[in-house]
Amino acid sequence: ASLRLALQALSAHPLQGAAILLVDNPGRVAERLRGLLVAAARNPDEPLAVAYRGRPGHPLWLPARFWPSVLAWDGTEGLRGWFAHAGLAPRPVDLGIAEALSDLDTPSDLAAFQQAMEQQ
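Definitions and limits used
Residues numbered from 1 in each chain as written. Predicted model: local features only at pLDDT ≥ 70, side-chain atom pairs only at ≥ 80, totals over all residues. Heavy atoms only, no water. Phe/Tyr/Trp six-rings, centres within 6.5 Å; stacked < 30°, edge-to-face > 60°. Helix = DSSP H or I, 4+ residues; strand = E, 2+ residues; numbered from the N terminus. Buried < 20%, exposed > 50% of the residue type's maximum accessible area, 1.4 Å probe, protein only. Salt bridge = Lys/Arg side-chain N within 4 Å of Asp/Glu carboxyl O. Pairing = 2+ DSSP bridges. Core = buried A, V, L, I, M, F, W, Y, C linked by side-chain atoms within 4.5 Å. Contact = heavy atoms within 4.5 Å.

**Student:** Would you mind showing me how to read the packing of aromatic side chains here?
**Tutor:** Any pair of aromatic rings gets described here by the distance separating the centres and the angle formed by the planes. Going through the model one piece at a time under the given rule, you end up with 2 aromatic pairs. Considering the side-chain rings of F66 and W82, the 5.6 Å spacing of their centres and the 65° angle between planes classify their relative orientation as edge-to-face. Taken together, the positions of F66 in the loop between β3 (55-63) and α3 (67-72) and W82 in helix α4 (residues 78-86) put the pair 16 residues apart, joining distant regions of the chain. Here F66 and W82 have matching classes, each one buried. For the pair W82 and F83, a centre-to-centre distance of 5.0 Å together with 70° between the ring planes defines the contact as edge-to-face. Pair check on accessibility: W82 and F83 agree, each one buried. An aromatic cluster of three or more residues is present, and its members are F66, W82 and F83.

Have a look at this one:
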């Protein structure tokens, strides 16, 4: 629902796309976002995802040309489900940043993440 609201609001503006960031995906966010936006400037019409060791993570670049289809999607699993339904996958942009794959859904996820950050 939050992505839908954001895309609806952004659709009123002449934009090439949007970077999608998750609140439960911390760690070197500014660095990952900069890398993604550099790649998006070269490929503004291609969905992109910051990756680590070939595994796509976050943030994600979603070109504006896909927004109408995403907004019309009423299936399950949100944007991941839309990509599967559309037969698309974001091209990985591997920046060598492991935090691209972080996903903090539980207190134990947070504790493990904090411990890993302390060891760096």
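**Student:** How should I be thinking about the pattern of salt bridges in this particular structure?
**Tutor:** A side chain of one charge can pair with a side chain of the opposite charge when the charged atoms of the two come close. Under the counting rule described, the total for this entry stands at 3 salt bridges. Residues E99 and R28 are paired through a salt bridge, measuring 3.8 Å at the closest nitrogen-oxygen approach. In this pair, E99 sits in the loop between β4 (91-94) and α5 (107-118) while R28 sits in the loop between β1 (17-20) and α2 (29-42), placing the two residues 71 residues apart along the sequence. Between R91 and E46 there is a salt bridge, and its shortest N-O distance comes to 3.1 Å. Of this pair, R91 sits in strand β4 while E46 sits in the loop between α2 and β2 (48-52), and the two are 45 residues apart along the sequence.

**Student:** Could you clarify how one ought to interpret the pairing of β3 in this entry?
**Tutor:** Sheet faces and side chains relate simply in a regular strand, where the side chains alternate between the two faces. Of the pairings in the sheet, the one linking β1 to β3 comprises 4 bridges and is antiparallel in character. Counterpart to A18 in the pairing with β3 is L62. Taken together, the 4 bridges between β2 and β3 define a ladder with antiparallel strand orientation. Note on β3: the bridge partner recorded for Y52 is R55. Linkage of β2 to β3, two consecutive antiparallel strands, is achieved through a turn of 2 residues, within which R53 is found at a positive phi near 50°.

**Student:** Explain the nonpolar core to me, please; I cannot follow it from the model alone.
**Tutor:** A general feature of soluble globular proteins is that nonpolar side chains tend to end up buried together. L60, L62, W67, V70, L79, W82 and F83 are the most contacted members of the largest nonpolar core, which totals 14 residues. Broken down by element, this core gets its largest block of residues, 3 residues, from α4. Not counting residues within four places of it along the chain, the set of residues in contact with V70 comprises L3, R4, L7, L62, L79 and W82. Ranked by size, the runner-up nonpolar core spans 8 residues in total, among them A39, L48, V50 and A100.

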